[in-house]
Amino acid sequence: MGIRSRLSLLYFLQFAVWGSYLSCFGQLLGSGGLGPDIQWFYAAVGIVSLITPALMGHFADRFVPSLRLLGLCHLCASIIMMGAWVYASTRPQYSFWPFFLIYLGFLAFYMPTMALANTTTFALLKSRGRQPVDSFPIIRVWGTLGFVAAMWFVNSAYFYEGIFGFTLNDQNPAAFHRFQYTSMQLFTSSILGLITAAYTLTLPVAQVPDPGKSSSLADIFGLKAFRMFKMPEVRTFLVFAVFTGVCLQISNGYAIPFINHFMAFEQYMGSIAAGNATLLFSLSQMSEAAFILVTGLAMKRMGFKWVIFGALMAWCLRFLFLGLGNPGNGIWWLVFSMIIYGVAFNFFNIAGHIYMDQKSDSATRGFGQGLLMMMTNGIGATGGMIAAGAVINHYCHWEMVTTPAGDSVRLFMGDWVAPWLIFAAYSLAVGLLFFLFYRSSVPERRLNQERGSIATPRYLVSK
């Protein structure tokens with residue numbers, strides 16, 4: 001295999017580790033008695049993202065090649081996730097602190113692999129004379145495909161009475177032993193992590209660490225990037241980036257428990273959607289991959305402000321369609337919600353990172369990217385999940401129900417329409433406020449002429 005194919009496989013495996021559990025983790029937590037605490041487990045992603053990626057990146061720059069540190073992080077994360085599986089599989093009900101601390105340990109090693117994989121990929125591509133701007137988008141798409149493949153696997157795979165198999169049929173006696181409902185999703189993630197760690201050993205090392213001079217904490221964590229707040233338009237965008245980050249993890253944590261709760265209603269008995277929520281939710285990731293090119297076209301035609309506004313309107317529709325949907329005659333609303341996710345996610349992330357690159361100088365360009373991640377995936381997503389959890393727990397509660405098929409299962413029951421409409425109204429309000437308050441000091445056409453040498457994918461450069 002060529003280097004691009006080998007790196008594509010790396011991303012496929014790396015994101016499969018995450019896709020094995022991220023979307024259906026909320027259902028597992030609810031079944032184990034931690035339903036009211038789902039928001040803390042998803043907020044933990046943001047909490048960890050504020051600290052360990054920067055530390056691991058600094059360590060890789062100075063002491064260990066990023067590829068070797070990537071493999072070590074995957075190995076440690078896999079071992080800790082195996083501990084999470086042992087904990088969850090040996091008791092019917094979970095205690096918050098033991099399980100949360102184990103999961104926090106997993107994230108502390110897994111989240112840095114995102115940046116380390118990028119660093120490794122860029123170094124290997126350059127060492128082979130390839131331009132990352134030409135090769136990386138295709139390589140990164142394989143990460144999304146790995147995420148989707150893992151979702152399909154845990155949605156369908158079961159281990160019941162010593163038999164391993166696959167089913168999409170809710171009437172199958174093993175249906176509620178599929179990995180999407182059990183701790184086997186964590187086991188799958190752990191095994192994939194081990195495979196990923198082993199695979200990194202087959203890749204060539206292209207980066208030699210340079211200890212250089214010592215750095216201050218401000219250098220390590222990119223705190224100098226906060227000087228960018230002196231620019232009014234950047235300050236406005238970053239403030240709204242926090243509010244937009246609120247939307248990022250809500251559906252990851254709650255969409256599948258929401259879809260699963262329809263199994264309690266007789267009119268949806270036998271619906272392929274209600275019993276295969278993870279498979280349905282995978283349409284979101286497929287849409288994310290498909291809309292990458294559409295995002296580039298939108299930036300060329302519409303410009304930065306309209307693309308960000310479009311992202312927030314898409315988040316509004318994402319939540320609105322979930323509120324309107326059901327596995328019966330409202331199935332298309334659920335499908336539309338999954339499809340619009342590609343616009344909501346890509347329009348904000350791609351446009352936002354290119355914008356920060358344009359607004360940064362050579363000394364703060366990398367820090368600027370980290371600052372955007374801190375505002376969205378760190379502060380925004382963390383605070384957003386805590387708030388969203390409080391809203392949903394007000395309207396819904398976990399309870400043991402007997403499905404029309406006679407199965408006893410713990411589901412998240414309640415008035416789901418209300419929270420989805422609240423989140424839709426929130427996204428609409430943030431979008432309208434952004435449109436009113438954001439003002440660019442330099443016309444976008446002139447800005448792109450001045451920044452024409454920026455190394456961004458050609459199809460993502462705005463008009």
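Refer to the structure presented above.
Residues numbered from 1 in each chain as written. Predicted model: local features only at pLDDT ≥ 70, side-chain atom pairs only at ≥ 80, totals over all residues. Heavy atoms only, no water.

**Student:** What's the story with the overall build of the protein in this structure? I'm lost.
**Tutor:** A tally of helices and strands in the protein yields 18 helices and four strands. By residue count, 55% of the 463 residues in the protein fall in the buried class. Within the protein, residue pairs in contact and separated by at least 24 positions form 79% of the contacts whose partners lie at least 6 positions apart. (Helix = DSSP H or I, 4+ residues; strand = E, 2+ residues; numbered from the N terminus. Buried < 20%, exposed > 50% of the residue type's maximum accessible area, 1.4 Å probe, protein only. Contact = heavy atoms within 4.5 Å.)

**Student:** Where do I start with unusual backbone geometry in this structure?
**Tutor:** Phi at Glu-161 is positive, roughly 55°, even though this residue is not glycine. Positionally, Glu-161 belongs in the loop between strand S1 (157-160) and strand S2 (163-166). What makes Glu-161 exposed here is its relative accessible area of 66%.

**Student:** Can you help me understand the nonpolar core in this one?
**Tutor:** Proteins that are soluble and globular tend to have nonpolar side chains buried together. Counting 134 residues, the largest nonpolar core has Trp-18, Tyr-21, Phe-25, Phe-99 and Phe-237 as its most contacted members. Counting residues per element, this core draws most heavily on helix H15 (residues 331-359), which supplies 14 residues. If we ignore the near neighbours within four places in the chain, the residues touching Tyr-21 are Met-81, Tyr-103, Phe-106, Leu-107, Gln-185, Leu-186 and Ser-189. (Core = buried A, V, L, I, M, F, W, Y, C linked by side-chain atoms within 4.5 Å.)

**Student:** What is the right way to read the pattern of salt bridges from this model?
**Tutor:** Close approach of charged atoms allows side chains with opposite charge to pair. Counted by the stated rule, this structure contains one salt bridge. Arg-178 serves as the salt-bridge partner of Asp-170, at 3.0 Å between the closest nitrogen and oxygen. Of the two residues, Asp-170 and Arg-178, both sit in the buried class. (Salt bridge = Lys/Arg side-chain N within 4 Å of Asp/Glu carboxyl O.)

**Student:** How should the packing of aromatic side chains be read in this particular structure?
**Tutor:** The relative placement of two aromatic rings is captured by the distance of their centres and the angle of their planes. Tallied over the entire structure, the rule returns 62 aromatic pairs. Ring centres 5.3 Å apart and planes at 20° place the aromatic pair Phe-434 and Tyr-438 in the stacked group. Classification of Phe-434 by relative accessible area gives buried; the value is 1%. Accessibility expressed as a relative area gives 3% for Tyr-438, which makes it buried. Sitting over the face of the ring of Phe-15, Arg-140 holds its NZ or CZ atom 4.2 Å from the ring centroid. In this structure, Lys-305 is placed above the aromatic ring of Phe-435, and the distance from its NZ or CZ to the ring centre is 4.5 Å. (Phe/Tyr/Trp six-rings, centres within 6.5 Å; stacked < 30°, edge-to-face > 60°. Lys NZ or Arg CZ within 6 Å of the ring centre and 35° of its normal.)

**Student:** It is not clear to me how the environment of Phe-412 should be interpreted in this structure. Could you clarify?
**Tutor:** Take Phe-412: it is sitting in strand S4 (residues 408-414). Each C-alpha atom of the pair Phe-412 and Trp-398 lies 4.3 Å from the other, and the pair is 14 residues apart in sequence. Those residues in contact with Phe-412 that sit more than four places away from it in its chain are Tyr-254, Pro-257, His-261, Ile-392, Asn-393, Cys-396, His-397 and Trp-398.

**Student:** Would you explain the pairing of S4 in this entry?
**Tutor:** Along any regular strand the residues' side chains alternate between the sheet's two faces. In this structure, strand S3 (residues 396-402) lies alongside S4, joined through seven bridges in antiparallel fashion. The residue bridging Glu-399 from the neighbouring strand is Leu-411, located in S4. (Pairing = 2+ DSSP bridges.)

**Student:** I'm lost on the side chain of Ser-183 in this one. Help?
**Tutor:** Mapping Ser-183 onto the fold places it in the loop between S2 and helix H9 (184-200). Once residues within four sequence positions are removed from consideration, Ser-183 is found in contact with Leu-28, Trp-85, Ala-88 and Ser-89.

**Student:** Looking at this structure, how should I read the state of the cysteines?
**Tutor:** Note: disulfide means a covalent bond formed between the sulfur atoms of two cysteine side chains. In this structure the tally under the stated criterion is zero disulfides. The thiol of Cys-316 is unpaired, and the distance to the nearest cysteine sulfur, on Cys-247, comes to 9.5 Å. Residue class for Cys-316 comes out buried when judged on its relative accessible area of 11%. (Disulfide = S-S within 2.5 Å.)

**Student:** Just checking my understanding: could you explain a nonpolar patch on the surface for this structure?
**Tutor:** Where nonpolar side chains cluster on the molecular surface, the patch consists of Leu-72, Leu-75, Ile-79, Ile-191, Leu-194 and Ile-195 and spans about 480 Å² of accessible area. For the nonpolar patch, the elements supplying multiple residues, two or more each, are helix H5 (66-89) and H9. On the secondary structure map, Leu-72 appears in helix H5. (Patch = residues over 30% accessible without salt bridge, like charges linked within 9 Å, V, L, I, M, F, W, Y side chains within 5 Å. Areas by Shrake-Rupley, 256 points an atom, 1.4 Å probe, with all protein chains shown as cover.)

**Student:** Hey, could you run me through the packing of helix H1 (residues 3-19) against H9 in this one?
**Tutor:** Packed helix pairs are characterised by how far apart their axes lie and by the angle those axes make with each other. In contact at an axis separation of 8 Å, H1 and H9 are set at 155° when each is read in the N-to-C sense. On the basis of their axis angle, the class for H1 and H9 is roughly antiparallel. Note on packing geometry: the crossing formed by H1 with H9 is left-handed. Between H1, through Arg-6, Leu-9, Leu-10, Leu-13, Gln-14, Ala-16 and Val-17, and H9, the contact on the second element is made entirely by Ser-189, Leu-192, Gly-193, Ile-195, Thr-196, Tyr-199 and Thr-200. (Axes fitted to C-alpha atoms, helices over the stretch in contact; angles between N-to-C directions. Parallel < 35°, antiparallel > 145°, perpendicular 65-115°, else oblique. Left-handed = near helix turned anticlockwise from the far one by under 90°.)

**Student:** So what exactly am I meant to see when it comes to the packing of helix H12 (residues 250-260) against helix H13 (residues 277-302) here?
**Tutor:** Their axes nearest at 9 Å, the elements H12 and H13 cross at an angle of 140°. It follows that H12 is oblique to H13 by the angle criterion. H13 is crossed by H12, and the crossing has right-handed handedness. Taking contact as the criterion, the partners of Ser-251, Asn-252, Ala-255, Ile-256, Ile-259 and Asn-260 in H12 are, on H13, Ala-277, Thr-278, Leu-280 and Phe-281.

**Student:** I tried to follow the environment of Ser-135 on my own but got confused; where do I start?
**Tutor:** Along the polypeptide, Ser-135 turns up in helix H8 (residues 132-156). The spacing of Ser-135 and Arg-4 is 131 residues in sequence and 7.3 Å in space, taken between C-alpha atoms. Ser-135 has contacts with Arg-4, Leu-125 and Arg-130, leaving out every residue within four places of it along the chain.

**Student:** Help me understand H9, please; the structure alone is not making it clear to me.
**Tutor:** Count 3.6 residues to each turn of an α-helix, and residues three or four apart come out pointing the same way. An ideal rise of 1.5 Å per residue puts 24 Å on 17 residues; H9 measures up with 24 Å between its terminal C-alpha atoms. Across the 17 residues of H9, twelve count as buried, placing the element largely inside the fold. Within the sequence span of H9, burial applies to Met-184, Gln-185, Leu-186, Thr-188, Ser-189, Ser-190, Leu-192, Gly-193, Thr-196, Ala-197, Tyr-199 and Thr-200. (Expected span 1.5 Å × (residues − 1).)

**Student:** Quick question: what am I supposed to make of the environment of Met-263 here?
**Tutor:** You can see Met-263 is positioned in the loop between H12 and H13. Relative accessible area serves as the criterion here: at 7%, Met-263 is assigned to the buried category. For the pair formed by Met-263 and Val-409, sequence separation is 146 residues and the distance between their alpha carbons is 9.4 Å.

Interpretation note: all reported values are geometric properties and have no functional meaning in isolation.
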